[in-house]
Amino acid sequence: MSTYSVSDTTAAGSPRAAVTFSNLSGSYGVGLAASFVWLAFGLSCLYWPDVGDWSRTESLGIGAIVIAAFILFGTFSADYLGSAGQALRKRAPWLVAFGAFVTLWEVATAKFAWLPLPFFPPPQSILEVYTDDLPKLLDSVLASIRLQLGGYLIGATIGFITGVSIGWSQKIGYWVHPVLRFIGPLPATAWLPIAFFTFPSSWSASTFLIALATGFPVTVLTWSGVASVSSAYYDVARTLGAKPSFLVLKVAIPAALPHVFVGLFMGLGSSFAVLVVAEMIGVKAGLGWYLQWAQGWAAYANMYAALIVMSLLCSGAITLLFKTRDRLLVWQKGVVKW
Amino acid sequence: MVVQSTAEAITYPAVGAELDIEGVSHAFDIDGATLPVLDNVNLSIAPGEFVALLGPSGCGKSTLLRLVAGLEKPRSGSLREDDVRINGPHPSRVVVFQDPTLFPWRSVWDNVALGLEAQGILKTQRHRVDAVIELVGLSAFRNAYPHQLSGGMAQRVALARALVNDPKILVLDEPLGKLDSLTRIAMQAELVALWQRKGFTTLLVTHDVEEALVLANRVIVLSDRPARIKADIAVQRPYPRHRGDPYLADLRKQILGLLGLEATW
């Protein structure tokens, strides 16, 4: 390794890109355009009268101009900002597109009301929800996370253990396969009415449903993962003196792990659906309930605000799962293409 | 037990075990029909001997190895290691298969450590893993994953994974069968050197007559399925052997004749 670092330091001495006129149209051009679009968005908020009465128009305008300034600063100092600068440069086209989209949205709603107004609120009214209704929104977020996390962990654990058991033992498989085949394909939401009066609380009922929605794909994929482990691996381990517990824990499970992660991913997707439905119908908390409540009051801006938060949470959860997989299955890099 | 003390290892003793195969017959049930694969095989292998099993493809050589390894039990007859009946797998009889079957989720070091880990003695015996990786010349690759290795390197890891257990009997199931011819010749020499140094009894299945003659003290020629012993040929030549040796060429001709391939000579 030390031999490489020597050549690395000499390479690092190469001249940095200087700001020249030709660069303005090249690597800096997209960043400049992004900055310009956000500036236009900010100015349109500040100096163009709204058709309605929104309290956060000015804050939004100032915020957009601050973003424009950050993009401008980042664009010209990207070379000195390390990975953050590189990330900004890579995403500059997206910043242009997103800036153009919010400008268009602002103009189409707050400035000209091309879109029918109560149903399509302008960006500033969504900002207003985040500032003025924050406590309630945060409570909902926490409630959703708590419910989702509990149900998902229970479902994933039970599904994993069941999957390994039926993949490993034919006796257990004999009893569990028919049950799995009969109950598994049933959408978890079909249990809703029964779950809500058989369980002591709507919270425990929802946890059960989320666990169910998670458990089925995790079970099936863990099972198929364990069942498809090549018998050659077991032969090798047995001749080296492995006991059955070693075969399960150190051969079957690691070999099945790529399948398990597919199951965990599918389980996550279906459990989100159950979470939202359960919150809308039974649980009096969480983002699903917030959506329902906002609809009841015709508070359309709150609905959009909650939807945005929800999508951030869901994609965050999936990103987290992928990061965990990348860490655990680092040996797969180079074997399969993700 | 299996574990050799280091003092013994330095004096290079004959650590090999005696292997006795007595009246072993075996068969498989395929779609209700019984397919006999081994027919009354009798073979006695002295400690430290290097025996090659030669036979036509699909004759039951590998089945015999699985019985020696204890992965399967024979329908009749018995197998004994140092007069102890073989009832199941044991790390004193380690198999190297045709495919290296390295665990892709484990690094080279962790693959080699597998046997010691399975026996629960890895914590005190880590130096043995390092030593055997050094022995097969892969110290630079100890942290590599199997998919980063060439075929020859992977097979060397598989060999190291077997040797770390200090086996008394090393069972080789065409371990060089899938390697290119240059790697193969190099690894044959390495195998002989390891065997001479360690002194384990070696049982090698191969379909390459030349390989059997270059490596083994004794070549057992098996018949078509169900396998019976057709010939038991002693190869009395010192190591390292030369492929062009007229004595070996003569034996080769004789063995090819036994396999029904005299016309190709």
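The rules behind the values
Residues numbered from 1 in each chain as written. Chains lettered and ligands numbered in written order. Predicted model: local features only at pLDDT ≥ 70, side-chain atom pairs only at ≥ 80, totals over all residues. Heavy atoms only, no water. Domains from an automatic or database assignment. Core = buried A, V, L, I, M, F, W, Y, C linked by side-chain atoms within 4.5 Å. Buried < 20%, exposed > 50% of the residue type's maximum accessible area, 1.4 Å probe, protein only. Helix = DSSP H or I, 4+ residues; strand = E, 2+ residues; numbered from the N terminus. Contact = heavy atoms within 4.5 Å. Buried area = accessible area lost by both parts, 1.4 Å probe. Salt bridge = Lys/Arg side-chain N within 4 Å of Asp/Glu carboxyl O. Phe/Tyr/Trp six-rings, centres within 6.5 Å; stacked < 30°, edge-to-face > 60°. Lys NZ or Arg CZ within 6 Å of the ring centre and 35° of its normal.

A closer look at the domain arrangement of chain A
Moving on, step 1. Parsing chain A into structural domains produces domain 1 (18-118) and domain 2 (134-332).
Moving on, step 2. Relative to domain 2 of chain A, the C-alpha centre of domain 1 of chain A lies at a distance of 39 Å.

Looking at the nonpolar core
Moving on, step 1. Counting residues in each nonpolar core, the largest one holds 113 residues, and the members touching the most others are B:Ile21, B:Val112, B:Val129 and B:Val219.
Moving on, step 2. Here this core takes 14 residues from helix H12 (residues 244-281) of chain A, the largest share from any one element.
Moving on, step 3. What B:Ile21 contacts, discounting residues up to four positions off in sequence, is B:Val41, B:Asn42, B:Leu43, B:Leu64, B:Val68, B:Ser78 and B:Leu79.
Moving on, step 4. With 13 residues, the next largest nonpolar core counts A:Val141, A:Val276, A:Tyr290 and A:Ala306 among its residues.

A short note on the interface of chain A and chain B
Moving on, step 1. Between chain A and chain B, the residue contacts involve 21 residues of the former and 26 residues of the latter.
Moving on, step 2. Buried surface at the junction of chain A and chain B, summed over both partners, amounts to about 2000 Å²; 70% is from carbon and sulfur atoms.
Moving on, step 3. Three residues, A:Thr239, A:Leu240 and A:Trp331, lead the burial of chain A against chain B; their summed loss comes to 35% of the area buried on that side.
Moving on, step 4. The partner of B:Arg66 in a salt bridge is A:Asp235, with the nearest N and O atoms 2.8 Å apart.

A look at the packing of aromatic side chains
Moving on, step 1. Applying the stated criterion to the full structure yields 21 aromatic pairs over all chains.
Moving on, step 2. With a centroid separation of 5.2 Å and 80° between ring planes, the pair formed by B:Phe50 and B:Trp195 is classed as edge-to-face. Linking B:Phe50 in strand S3 (residues 50-54) with B:Trp195 in helix H7 (residues 181-198), this pair joins segments that are 145 residues apart in sequence. Grouping residues by exposure puts B:Phe50 and B:Trp195 together as buried.
Moving on, step 3. Put simply, the rings of A:Trp38, A:Phe41, A:Phe98, A:Phe101 and A:Trp105 pair up and form one aromatic cluster.
Moving on, step 4. When the ring centre of A:Tyr28 is taken as reference, the NZ or CZ atom of A:Arg89 above it lies at 5.6 Å.
Moving on, step 5. The aromatic ring of B:Tyr239 is capped on one face by B:Arg241, whose charged end is 4.2 Å from the ring centroid.

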